[in-house]
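Architecture at a glance
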Amino acid sequence: MDKEINLQSADNIRALAVAMVEKAKSGHPGGPMGGADFMHILYTEFFNYDPTDMQWPFRDRFFMDAGHLSTLMYAQYYLLGNYEKEDVANFRQWGSITPGHPEVNVARGIENTSGPLGQGHTMGIGAAVAAKFLQARFGDWMNHKIYGFISDGGVQEEISQGAGRIAGHLGLNNFIMFYDSNDVQLSTMTDEVTTEDTAMKYEAWGWNVITIDGHDHDEIRKALTDANNETERPTLIIGKTIMGKGCVAADGSMFEGYCELHGQPIGNTGADYEKTLINLGADSNEPFEIYPEVREFYQGVLAQKQVNASAKKAEIDTWRKANEVLSNKLDTFLSGKLPELDFESIGHKEGLASRVASSNVLAYLAENVENMIVSSADLSNSDKTDGFLKKSKALKKDDFSGGFLQAGVAELTMASMANGIALHGGVIPVVATFFVFSDYMKPAIRLSCIQELPVKFVWTHDAFRVGEDGPTHQPVEQEAQIRLLEKLKNHSGDQSFVALRPADSSETSVAWEMAMENTKTPTGLILSRQGIKDLPAESGTRFSVALQAKKGGYLVKEVSNPDIVLVANGSEVSTLLDAAILLEQEKNLKINIASIPSEGVFRQQSKSYQTSIIPADKPIFGLTAGLPVNLESLVGPNGKVFGLDHFGYSAPAKVLDDKFGFTGEKVYSEVLEFLKGE
């Protein structure tokens, strides 16, 4: 092996990272300079993919955690031909394909959006679970690896606790992570914030831990070889590196390892930009050029990658010919296409809680959709995902034939892993917890929206009717928070999230149908703890009527020329029905009632449809168990929303309904008060 060309290649990566940040006048140069040696050896000697087929499902995958080290990826992928010189020269600029933090772009080698520390490697662990799940069903030939790259900040973020525990517990030997340990953080040296022994911590979780000089190419090779040969455990390679390796001062002296090199152009520090480029072998007048020897070397690397990929594809083709049925199933999984599903056939008893109706749906899906992983944060018997579990079994070390991930109490970790499962492809992820604990998941929900991932979130115990558990467990503001994402567009121009709060069992089945059919964005199902009266069907079956929920909202009770329209979602719809009976009997009023499980989807309908459900020339009254803002844009400026403006209290649910005014009789009175003021 020609050590000189490998060192030259790593220096080329360093020079490019420095130049990108300097030209942009913004970014993080020091870390990429430290991680360049590992990246070069990984991609040239170990990483398996097809440069002519970047979407190849059986490629190795690289999950960046430290998204601020984006220049490390862009420089490496520039050498591999994934970017042009103009791309790296326009780092962080409007319209460029090299944003400040990497955004998922598989065609260019970017497997995940990263930046919020801790989530990137956790998504990688989710991808490793997906790979194990598929391998258990299709054979050991599916042996691609998932690589992660983490920094001190990612290790410190609390999510690393859950991710490390789960990966070790499941024995994810297909996950290999490099820890760029340079003793420097953005504003301090690491010894100012931590004295933990990271190696011992990961070993305690059941990881294989290897500590190396992160600049010694032979040590990097040996560590990666050992990690690839590991059969029982995920591997953490702790690479001791130097922040800003290769930086020199104006007088030619080395200027490495300083905190100030982390988060600003090196020209703003004690280092000299031009002399650093020269020290790294770059032409300071053409800092974005690939060195001629490096370009030639990488052309040979790319040719060998294609040869290796062709051999692997031939192996896969042989398997496909011998396993036609399995091969077709695999293609179906990877396509994202669902089997034919009959949600109307799912039976529900009368008056179920929507979480129980959801359990019935999950049991059906367990028997009819073979590529689902459902996960719960130690609540499967309460959020009722055990409907799926009873028809499947938990994933375990050395046995991924099941479809249920017992995540333990780790909502954020679980949600971030679900994003990784979705990013890997071939598997549909579902994650569940109590709605109030969606607060723990928000960072991952946001990345799910940004990455446009079809993760299914199941949130139960949707309102103050959790009752005796008190205000800590009673969601009030959570629905408003989640529905804000329905108003936010992703970069494809679509509603970034679909939030569905069904009003009864049939609507719950329809909501699940909508969630399964939504392959473009994440979906959240917001479900009740308590039983809900089934809504009446004025014609046809209740399910056939509930299918109108696919438009985001519809009338569950309709008369011609109503005096008032009542609006709600979830369990409050049945409360409106109780109130409507009194309004009709006592005041002879004509009432329409609208169920709006998703305002976001409802607003996508034609204006004529929207006004047919919520007319502009009628009084509109809304009822919500959350903040009034949940429905305010639906009822309009002349309408009224009755909701909560305070946290809950500990008491039985029926007592809280009465105390807070959520009974048919009290809503009847509220509606009359509203009409008096009209």
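Note that this is a predicted model, so its numbers are computed, not measured.

1. Thoughts on the overall build of the protein
Scanning the protein from N- to C-terminus turns up 25 helices and 16 strands. Overall, the C-alpha framework of the protein stretches about 90 × 60 × 45 Å when taken along its three principal axes. Counting only residues that meet the buried cut, the protein has 61% of its 678 residues in that class. The long-range fraction of contacts in the protein, counting pairs at least 24 apart against all pairs at least 6 apart in sequence, stands at 76%.

2. A closer look at the sheet that holds strand β5 (residues 235-240)
With respect to topology, five strands assemble into an open sheet ordered β1-β2-β3-β5-β4, the strand pairing being parallel. Of all strands in the sheet, those bounded by a partner on one side alone are β1 (61-64) and β4 (208-213). Strand-to-strand twist in this sheet, taken as the mean axis angle between neighbours without regard to direction, amounts to 20°. In this structure, β1 lies alongside strand β2 (residues 146-151), joined through four bridges in parallel fashion. Its bridge partner lying in β2, R61 is registered against I146. Sheet strands in contact with helix α2 (residues 30-46) are β1, β2, β3 (175-181) and β5, and its direction is about 170° off that of β2. Against the sheet, helix α9 (residues 217-229) contacts β2, β3, β4 and β5, and its axis sits at roughly 170° relative to β4.

3. Here's the deal with the packing of aromatic side chains
A full pass over the atoms with the stated rule returns 34 aromatic pairs. Summarising the aromatic geometry, the rings of F457 and W459 are spaced 5.4 Å apart at their centres and angled 20° between planes, so their arrangement reads as stacked. Overall, the relative accessible area of 0% leaves F457 in the buried class. Three or more aromatic residues link up through ring pairs in this structure, and these residues are F38, Y43, F47, Y49, F62, Y77, Y147, F149 and F178. Of note, R108 hangs over the ring of Y83, and the distance from its end group to the ring centre comes to 5.5 Å. Between the NZ or CZ atom of K313 and the centre of the ring of W56, over which it lies, the distance is 5.3 Å.

4. Considerations on the environment of S505
Position of S505 among the secondary structure elements: in helix α18 (residues 505-517). S505 gets classed as buried once you look at its relative accessible area, which sits at 1%. Filtering out sequence-adjacent residues up to four positions away, S505 remains in contact with H348, K349, L352, A357 and D534.

5. Observations concerning the pattern of salt bridges
On inspection of all chains with the given rule, the structure shows 38 salt bridges. Close ionic contact of D183 with K240 constitutes a salt bridge, the shortest N to O distance being 3.6 Å. Taken together, the positions of D183 in the loop between β3 and α8 (198-204) and K240 in strand β5 put the pair 57 residues apart, joining distant regions of the chain. A relative accessible area of 36% places D183 in the partly exposed class.

6. What to know about the pairing of strand β8 (residues 428-434)
In terms of burial, β8 is largely enclosed, as seven of its seven residues are buried. In the sheet, strand β6 (residues 372-376) pairs with β8 via five bridges, with the strands oriented parallel. Opposite M372, over in β8, you have I428 as the bridge partner. In this sheet, strand β9 (residues 456-460) lies alongside β8 in parallel orientation, the contact comprising five bridges. By the bridge assignment for β9, F434 is matched with T460.

7. A few points about helix α5 (residues 119-138)
In a regular helix each residue adds 1.5 Å, so 20 residues correspond to 28 Å; α5 covers 29 Å between its end C-alpha atoms and thus fits that length. Most of α5 is tucked away: 18 of the 20 residues are buried. A positive phi of about 120° marks G139, the residue just after α5.

8. Quick notes on the sheet that holds strand β16 (residues 640-642)
The strand order across the open sheet built from five strands is β12-β14-β13-β15-β16, with neighbouring strands paired in mixed fashion. The open sheet has two edge strands with one neighbour each: β12 (554-557) and β16. For this sheet the average axis-to-axis angle between neighbouring strands, irrespective of direction, equals 30°. By the bridge criterion, three bridges tie strand β13 (residues 564-568) to strand β15 (residues 620-623) in an arrangement that is parallel. Bridge assignment links L566 to a residue of β15, and that residue is F621. Here helix α20 (residues 572-587) sits on the sheet and contacts β12, β13, β14 (591-595) and β15; the angle it forms with β14, its principal contact strand, is near 180°. In the packing of helix α25 (residues 664-676) onto the sheet, the strands contacted are β13, β15 and β16, and the crossing angle to β15 comes to about 150°.

9. Quick word on helix α13 (residues 354-368)
Residues separated by three or four positions in an α-helix point in the same direction, a consequence of the helix having 3.6 residues per turn. Here α13 spans 21 Å end to end across 15 residues, near enough to the 21 Å set by a 1.5 Å rise per residue. Burial within α13 is extensive, with 11 of its 15 residues counted as buried. Here α13 has its buried residues at S354, R355, A357, S358, S359, V361, L362, A363, Y364, L365 and A366. Where the residues of α13 are buried, they touch β6, α14 (386-389), β9 and α18.

10. Quick notes on the packing of helix α15 (residues 411-424) against helix α16 (residues 438-451)
At a minimum axis distance of 7 Å, the contact between α15 and α16 shows a crossing angle of 15°. In terms of axis orientation, α15 runs roughly parallel to α16. Note that α15 runs across α16; the crossing there is right-handed. Counting all contacts with α15, which are made through E411, L412, M414, A415, S416, N419 and L423, the residues of α16 involved are Y440, M441, P443, A444, L447, S448 and Q451. The residue inventory of the contact of α15 with α16, partitioned by class, reads nine nonpolar, four polar and one charged.

11. Concerning the side chain of E513
Inspection of the secondary structure assignment puts E513 in helix α18. Judged by its relative accessible area of 13%, E513 is buried. Once you skip the residues sitting within four places of it in the chain, E513 turns out to touch F343, F543, L547 and K550.

12. Concerning the nonpolar core
A general trend in soluble globular proteins is that nonpolar side chains are found buried together. Counting 79 residues, the largest nonpolar core has F343, L365, M372, W512, L566, I593 and F621 as the members making the most contacts within it. Not counting residues within four places of it along the chain, the set of residues in contact with L566 comprises L576, L583, I591, N592, I593, A594, F621 and V671. With 68 residues, the next largest nonpolar core counts F46, Y74, I210 and L224 among its residues.

13. Quick notes on the side chain of D504
For D504, the position within the fold is in the loop between β10 (498-500) and α18. Only 3.0 Å separates the side chain of D504 from the backbone nitrogen of L535, close enough to count as a polar contact.

The rules behind the values
For every chain, the first residue of its written sequence is number 1, and the numbers climb from 1 along that sequence. Residues qualify for local features only when their pLDDT is at least 70, as the model is predicted, and side-chain atom pairs are given and counted only at 80 or more; totals for whole chains, interfaces and linings, by contrast, use all residues. Note that water and hydrogens are dropped before the side-chain values are worked out from all heavy atoms of the structure. Helix and strand labels come from DSSP, where a helix needs a run of H or I of at least four residues and a strand needs a run of E of at least two; each type is numbered from the N terminus. Type-normalised accessible area, obtained with a 1.4 Å probe on protein chains alone, sets the label of each residue: buried when under 20%, exposed when over 50%, and partly exposed for intermediate values. Contacts: residue pairs with any heavy atoms within 4.5 Å of one another. What makes two strands pair is DSSP finding at least two bridges between them. Angular values range over 0 to 180 degrees, each being the angle between N-to-C directions of two axes fitted as lines to C-alpha atoms, with helices fitted over their stretch in contact. Think of it this way: a Phe, Tyr or Trp ring, Trp meaning its six-membered ring, pairs with another when their centres are within 6.5 Å, and the plane angle makes it stacked under 30 degrees, edge-to-face over 60, tilted otherwise. We call a charge positioned above a ring when the Lys NZ or Arg CZ atom is no farther than 6 Å from the ring centre and deviates by at most 35 degrees from the ring normal. The working definition used for a salt bridge is a side-chain nitrogen of Lys or Arg within 4 Å of a carboxyl oxygen of Asp or Glu. By definition here, a helix of n residues has an expected span of 1.5 Å times n minus one. Any angle from 65 to 115 degrees is called roughly perpendicular, while one under 35 is roughly parallel, one over 145 is roughly antiparallel, and all others are oblique. Should the near helix be turned counterclockwise from the far one by less than a right angle, the crossing is left-handed, whereas a clockwise turn marks it as right-handed. The residue classification treats Ala, Val, Leu, Ile, Met, Phe, Trp, Tyr, Cys and Pro as nonpolar and Asp, Glu, Lys and Arg as charged. All others, Gly included, are polar. Here the nonpolar core consists of buried residues drawn from Ala, Val, Leu, Ile, Met, Phe, Trp, Tyr and Cys, with membership extended through side-chain atoms lying within 4.5 Å. Here a polar contact means two N or O atoms within 3.5 Å. Within protein one must be a hydrogen donor candidate and the other an acceptor candidate, and residues neighboring in sequence count only if both atoms are side-chain atoms.

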